[in-house]
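Read off the chains here:
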Amino acid sequence: MSTLIWSDTDAEIHKVVVGPMDNNVYVLRCRETGDAVLLDAADEHEQLLELSGRLGVREVLETHGHPDHIQAVPQMRDAGYSVHVTAEDASMLPSYDQILEDDSVIQVGRLRLETIHTPGHTPGSMCFKLTDKPVLFSGDTLFPGGPGTTKFGGHFPTIIRSLDERLFTPLDADPIVLPGHGDATTIGTERPHLQEWNDRGW
């Protein structure tokens, strides 16, 4: 079952945890228009299709191409949902519809999602910042206590640079960070620890 984890007068965010890796799948919905997007068609496609139908999902945004985040992509596409992924990670997917560009805006009804390319966990990892709202979908780039692993085709110095230059420097302390697994955190909670993570090497 999905849980409403955040809302204001304009937006609501629903979360469901799926698959053997306990992947977080989020649905961002515009309260005015009813339009929504699903972030990471990870697994358990029947549940995701039901959720998408109920909440007005129009398309799927993939934070990156690792297998645990894309298991439901074929079924979502078969059901008519377009799937978006970065060019760098597109080859990891069995199929997709559109390429996500860095520093662009995705309209979700009246809401605006800004794309932030944050390579390191994978070459094409993408975060999504909700414009004028304190919400960041971080995929597997940032978790409570550190960056996502770079053991599976990633690059540690690159993810540290992404965190520094693309997230911690430009963003204020307020945004809630909604990661691909586990609990939420905030930019302000994690930012002071960047050098510590760099020094420990993971």
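Bear in mind the structure is a predicted one, so any value in this text is a computation, not a measurement.

Analysis parameters
- Residues numbered from 1 in each chain as written.
- Predicted model: local features only at pLDDT ≥ 70, side-chain atom pairs only at ≥ 80, totals over all residues.
- Heavy atoms only, no water.
- Buried < 20%, exposed > 50% of the residue type's maximum accessible area, 1.4 Å probe, protein only.
- Helix = DSSP H or I, 4+ residues; strand = E, 2+ residues; numbered from the N terminus.
- Pairing = 2+ DSSP bridges.
- Axes fitted to C-alpha atoms, helices over the stretch in contact; angles between N-to-C directions.
- Salt bridge = Lys/Arg side-chain N within 4 Å of Asp/Glu carboxyl O.
- Contact = heavy atoms within 4.5 Å.
- Core = buried A, V, L, I, M, F, W, Y, C linked by side-chain atoms within 4.5 Å.

1. A few points about the pairing of strand β4 (residues 36-39)
Step number 1: The two faces of β4 match: A36 and L38 on one face and V37 and L39 on the other face are all buried.
Step number 2: Judged from the four bridges that link them, strand β3 (residues 23-30) and β4 form a sheet pairing that is antiparallel. Counterpart to L28 in the pairing with β4 is V37.
Step number 3: Hairpin connection, β3 to β4: the antiparallel pair is bridged by five residues, and G34 has positive phi, about 85°.
Step number 4: For β4 and strand β5 (residues 57-61), the ladder comprises four bridges, and the chain directions are parallel. Within β5, the residue paired with V37 across the bridge is E59.

2. A short note on the sheet that holds strand β6 (residues 82-86)
Step number 1: As summarised here, the arrangement of the seven strands in space is β1-β2-β3-β4-β5-β6-β7, forming an open sheet in which the pairing is mixed. Every other strand in the sheet has two partners, leaving β1 (3-7) and β7 (98-100) as the edge strands with one partner each. Mean inter-strand twist for the sheet, computed between neighbouring axes without regard to direction, equals 25°.
Step number 2: In terms of strand pairing, β5 meets β6 through three bridges, oriented parallel. Each bridged residue has a counterpart across the sheet, and for E59 the counterpart in β6 is S82.

3. Focus on the pattern of salt bridges
Step number 1: Scanning all chains against the criterion turns up nine salt bridges.
Step number 2: The partner of D10 in a salt bridge is K133, with the nearest N and O atoms 2.5 Å apart. Of this pair, D10 sits in the loop between β1 and β2 (11-18) while K133 sits in the loop between β10 (126-130) and β11 (135-139), and the two are 123 residues apart along the sequence.
Step number 3: Overall, D10 belongs to the partly exposed group, its relative accessible area being 34%.
Step number 4: The structure contains a network of salt bridges with shared partners spanning D8, D10 and K133.

4. What about the side chain of S162?
Step number 1: Mapping S162 onto the fold places it in helix α3 (residues 156-168).
Step number 2: Given the relative accessible area of 5%, S162 is considered buried.
Step number 3: What S162 contacts, discounting residues up to four positions off in sequence, is T118, P119 and L167.

5. Overview of the nonpolar core
Step number 1: Counting residues in each nonpolar core, the largest one holds 22 residues, and the members touching the most others are V25, V27, L38, A41, L48, V60 and M76.
Step number 2: With three residues, helix α1 (residues 45-55) is the single largest residue contributor to this core.
Step number 3: Leave out the neighbours within four places in its chain, and V60 touches L38, A41, M76, Y81, S82, V83 and H84.
Step number 4: Counting 20 residues, the second largest nonpolar core, distinct from the first, contains W6, Y26, V108 and L178.

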